[in-house]
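Given next are the chains, with one letter for each unit.
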Amino acid sequence: MKIVVASENPSKIEAVRDILKDYEILMGAEIFSVKPQSDMVEQPVSWRQIIQGAINRARNAFREEYNYSFGMESGVVQLVPEIGRFDFGACSIYDGKKEYLGFSCGFEIPRLVQKILEDKWVDLSEACKIAGITTEQKVGAGEGLIGILTGRRVTRKDQIKQAVQMALIGLENPGMYS
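Let me begin by describing the structure that accompanies this report.

Basis of the calculations
- Residues numbered from 1 in each chain as written.
- Predicted model: local features only at pLDDT ≥ 70, side-chain atom pairs only at ≥ 80, totals over all residues.
- Heavy atoms only, no water.
- Axes fitted to C-alpha atoms, helices over the stretch in contact; angles between N-to-C directions.
- Helix = DSSP H or I, 4+ residues; strand = E, 2+ residues; numbered from the N terminus.
- Parallel < 35°, antiparallel > 145°, perpendicular 65-115°, else oblique.
- Left-handed = near helix turned anticlockwise from the far one by under 90°.
- Contact = heavy atoms within 4.5 Å.
- Nonpolar A, V, L, I, M, F, W, Y, C, P; charged D, E, K, R; others polar.
- Salt bridge = Lys/Arg side-chain N within 4 Å of Asp/Glu carboxyl O.
- Buried < 20%, exposed > 50% of the residue type's maximum accessible area, 1.4 Å probe, protein only.
- Core = buried A, V, L, I, M, F, W, Y, C linked by side-chain atoms within 4.5 Å.

Observations regarding the packing of helix α1 (residues 10-20) against helix α6 (residues 156-172)
Two quantities define a packed helix pair, namely the angle between the axes and the distance from one axis to the other. Viewed as axis vectors pointing N to C, α1 and α6 meet at an angle of 50 degrees, and their least axial separation amounts to 9 Å. Judged by the inter-axis angle, α1 sits oblique to α6. Between α1 and α6 the crossing geometry is right-handed. Side by side, α1 and α6 meet where Ser11, Lys12, Glu14, Ala15, Val16, Asp18 and Ile19 of the first sit next to Arg156, Lys157, Ile160, Lys161, Val164, Gln165 and Leu168 of the second. Tallied by class, residues from the contact of α1 with α6 come to six nonpolar, two polar and six charged.

A look at the environment of Gly132
Assignment of secondary structure puts Gly132 in the loop between α4 (124-130) and α5 (144-149). Measuring from C-alpha to C-alpha, the distance between Gly132 and Lys120 comes to 15 Å, with twelve residues separating the pair along the chain.

Digging into the pattern of salt bridges
Once the charged atoms of two side chains with opposite charge are near each other, the side chains can pair. Across all of its chains, the model carries 13 salt bridges by this definition. Note that Arg57 and Glu73 form a salt bridge whose closest N and O atoms lie 3.1 Å from each other. With a gap of 16 residues between them, Arg57 in helix α2 (residues 47-61) and Glu73 in strand β3 (residues 68-80) connect regions that are remote in the sequence. Accessibility assignment for this pair places Arg57 and Glu73 in one class, buried.

Side note on the nonpolar core
Counting residues in each nonpolar core, the largest one holds 23 residues, and the members touching the most others are Phe70, Ile93 and Val164. Every element with two or more residues in this core is listed here: β1 (2-5), α1, β3, β4 (84-94) and α6. Residue contributions to this core peak at six residues, all from α6. Setting aside residues up to four positions removed in sequence, Val164 forms contacts with Val16, Ile19, Phe70, Met72, Cys91 and Ile93. Counting residues in hydrophobic clusters, the runner-up holds eleven residues, among them Phe107, Ile116, Leu145 and Ile146.

Below, the structure is given as structure tokens:
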């Protein structure tokens, strides 16, 4: 079995690799990665953009030689104006015919970072650098903002793994999702 991850981000590739060990239907699969193509905005700011970005990545990476492609996208969503913006991740698993979707836990973005996102229209990494939270070029390639805020108790990789696990529910239970 061959699986392609539509990412060059080590956190995403490692998350998929870690998860596959726990799923009998995917054990022993070879994992490949390709440069992702989401055909979306740099910083998704709605559920629709997050979901479509994950689906586009999975579909664009799929080739006949792969059994499955995994596309992941994170974004910042305003749930309720009084509360603020939350970071969520999505995973789309594509088998050439059907998508299986899953989502990660979400957490509130610090208010200063939210303000920078709104005022400067930069991505989350740049907003975190401007806010002085990190000096990393791509905060999501390492522990992520969630890792910084939780003191590494929950990392970006953990958040991605959760989205992958949720997407695998449909793949493991095809009769319930057809």
